[in-house]
Amino acid sequence: SQTIHQWPATLVQPVGSPLSLECTVEGTSNPNLYWYRQAAGRGLQLLFYSVGIGQISSEVPQNLSASRPQDRQFILSSKKLLLSDSGFYLCAWSVGGPLVQYFGPGTRLLVL
Amino acid sequence: DAKTTQPPSMDCAEGRAANLPCNHSTISGNEYVYWYRQIHSQGPQYIIHGLKNNETNEMASLIITEDRKSSTLILPHATLRDTAVYYCIVRARSSQLIFGTGTRLQVFP
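Not measured: the values here are computed from a predicted model.

Novice: Is there a simple way to explain the overall build of chain A in this structure?
Specialist: The secondary structure content of chain A amounts to 0 helices and 11 strands. What you see for chain A is a C-alpha radius of gyration of 13 Å, in line with the 13 Å of a compact globule of 112 residues. Overall, the C-alpha framework of chain A stretches about 40 × 25 × 20 Å when taken along its three principal axes. The 112 residues of chain A split such that 50% are buried. Considering only intrachain contacts with a sequence separation of at least 6, the fraction spanning at least 24 residues in chain A is 56%.

Novice: Teacher, can you tell me more about unusual backbone geometry here?
Specialist: Comment: phi is negative for the bulk of residues other than glycine, and the bulk of peptide bonds are trans. The omega torsion across Trp7 of chain A and Pro8 of chain A is 0°, close enough to zero to call that bond cis. Summarising the element assignment, Pro8 of chain A is placed in the loop between strand S1 (3-7) and strand S2 (10-13). Not every positive phi belongs to a glycine, and Asn30 of chain A is a case in point at roughly 55°. Within the element layout of this structure, Asn30 of chain A appears in the loop between strand S3 (19-26) and strand S4 (32-38). The exposure class of Asn30 of chain A is exposed, given its relative accessible area of 60%. With phi around 65°, Arg68 of chain B is a residue other than glycine that occupies positive phi space. For Arg68 of chain B, the position within the fold is in the loop between strand S6 (61-64) and strand S7 (70-75).

Novice: Would you mind showing me how to read the pairing of strand S7 (residues 65-70) of chain A here?
Specialist: Side-chain positions along a regular strand alternate between the two faces of the sheet. Residues and elements named next belong to chain A. Sheet topology note: the S7/strand S8 (residues 73-78) ladder contains 4 bridges and is antiparallel. Bridging from a neighbouring strand, Gln70 pairs with Gln73 of S8. What sits between S7 and S8 in their antiparallel hairpin is a turn of 2 residues.

Novice: What is the right way to look at the sheet that holds strand S3 (residues 31-38) of chain B in this model?
Specialist: Residue and element names in this part refer to chain B. Taken in spatial order, the 5 strands make up an open sheet running S1-S9-S8-S3-S4, and their pairing is mixed. Every other strand in the sheet has two partners, leaving strand S1 (9-13) and strand S4 (45-50) as the edge strands with one partner each. In this sheet, neighbouring strand axes are inclined to one another by 25° on average, regardless of whether the strands run parallel or antiparallel. The sheet contact formed by S1 and strand S9 (residues 103-108) spans 5 bridges and is parallel. Residue pairing for S9: Cys12 is matched across the bridge by Val107.

Novice: I would appreciate a short explanation of the interface of chain A and chain B in the present structure.
Specialist: When the parts of a complex come together, some accessible area is lost, and that lost area is often taken as the interface size. On the side of chain B, 19 residues touch chain A, which itself brings 17 residues to the contact. Both sides together, the interface formed by chain A and chain B hides about 1400 Å², and carbon and sulfur atoms give 60% of it. Scanning the region where chain A abuts chain B turns up 0 salt bridges. If you look at where chain A meets chain B, you find 4 residue pairs in polar contact (both at pLDDT 80 or more). Those elements that provide at least two residues to the side of chain A that touches chain B are S4, strand S5 (44-52) and strand S9 (87-94) of chain A.

Novice: Hey, could you run me through the layout of surface pockets in this one?
Specialist: To locate leftover empty space, one rolls a probe as large as a water molecule over the atoms. Of the voids in this model, the largest pocket is the one considered here, and its volume is about 570 Å³. Contributing to the lining of the largest pocket are 28 residues, with Gln38, Gly41 and Arg42 of chain A together with Gln38 and Arg104 of chain B lying nearest its centre. Elements that contribute at least two residues to the lining of the largest pocket include exactly S9 and strand S11 (107-111) of chain A together with strand S8 (84-92) and S9 of chain B. The element best represented in the lining of the largest pocket is S9 of chain B, accounting for 4 residues.

Novice: Explain the state of the cysteines to me, please; I cannot follow it from the model alone.
Specialist: Two cysteines joined by a covalent bond between their sulfur atoms form a disulfide. Residue and element names in this part refer to chain A. Evaluation of the coordinates by the stated rule reveals 2 disulfides over all chains. Linked covalently through their sulfurs, Cys23 and Cys91 form a disulfide whose S-S length is 2.0 Å. An S-S torsion of about -75° defines the bridge between Cys23 and Cys91 as left-handed. A residue pair is termed long-range when its members are at least 10 positions apart, and Cys23 in strand S3 and Cys91 in strand S9 qualify at 68 residues. Looking at Cys23, the relative accessible area reads 1%, which means it is buried.

What counts, and at which threshold
Residues numbered from 1 in each chain as written. Chains lettered and ligands numbered in written order. Predicted model: local features only at pLDDT ≥ 70, side-chain atom pairs only at ≥ 80, totals over all residues. Heavy atoms only, no water. Helix = DSSP H or I, 4+ residues; strand = E, 2+ residues; numbered from the N terminus. Rg over C-alpha atoms; globule rule 2.2 N^0.38 Å. Buried < 20%, exposed > 50% of the residue type's maximum accessible area, 1.4 Å probe, protein only. Contact = heavy atoms within 4.5 Å. Pairing = 2+ DSSP bridges. Axes fitted to C-alpha atoms, helices over the stretch in contact; angles between N-to-C directions. Buried area = accessible area lost by both parts, 1.4 Å probe. Salt bridge = Lys/Arg side-chain N within 4 Å of Asp/Glu carboxyl O. Polar contact = N/O pair within 3.5 Å; in protein donor to acceptor, adjacent residues only side chain to side chain. 1 Å grid on protein atoms, 1.4 Å probe; cavity = no way out; pocket = protein on both sides within 12 Å on 5 of 7 lines; lining within 4 Å. Points joined across faces, edges and corners; volume = space filled by probe spheres on them. Disulfide = S-S within 2.5 Å.

Here it is as C-alpha cells:
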C-alpha cells in the first residue's frame with residue numbers, strides 16, 4: 001500500500017532563517033507530487049506541483065521554492081523565512097491525474 | 001471553472017444520515033464533482049467523485065441531479081469521527097484541485 005511521509009511535524013523558526021521540509025512517498029512509482037499551504041482559518045492554497053524528477057510548476061509567486069531530486073521525494077525550501085510563511089504545509093501525491101490526491105500528515109510551521 | 005456553493009455549517013445526530021448539498025449551476029460537460037473532507041489538524045481526505053451517475057463507495061454516496069447543477073454527499077450513518085470540513089470541488093480531469101471554504105459538519109451524540 002502507498003504511504004506518504006512528511007517531516008518535521010512541527011517547526012518553529014525565526015524570521016530570516018532557512019527552511020527545508022521533506023516529503024516522501026512509498027509504494028508507488030512516477031507519482032505527481034504537490035505542496036499546499038493552509039494559513040490559520042483559511043483554505044488550502046496550491047504552491048507547487050511536479051509531474052517528474054526535476055519538473056516543478058509554481059502556482060503562486062512567493063518566498064518559497066520546491067525541488068524533486070528523486071522520483072518519490074519532494075522538498076519545499078526557503079532561503080529566508082517571512083512571518084507570512086507561517087502555516088500548515090501539506091504534501092500530496094496522485095497518479096493518472098491531479099484530482100484524486102492523497103495527503104500527508106502535514107507540517108505546522110510557525111515563523112516568529 | 002464551475003463555482004460551487006456550500007452551506008458554511010451543518011449539524012447531524014450520530015447514527016443519522018448526513019446529507020451535504022453542493023450547488024454547481026455553471027458546471028461544464030467535462031467537469032467532475034469531487035468531494036474531500038478535512039478533519040481538524042489533518043490533511044484532506046478524498047471521499048468520492050462522479051460525472052453524471054450516482055456513485056457509492058465504502059465511505060459515502062454521491063447523488064448528482066439529472067441536470068448536473070447540484071449534488072449531495074450522503075454519509076449514511078454519521079459518527080463523531082465524521083466531524084470535519086467537507087469540500088465539494090468541480091473540475092475538469094486535467095485541472096488542479098481548488099479548495100473553497102466547504103461545509104463544517106458537526107456530528108453530535
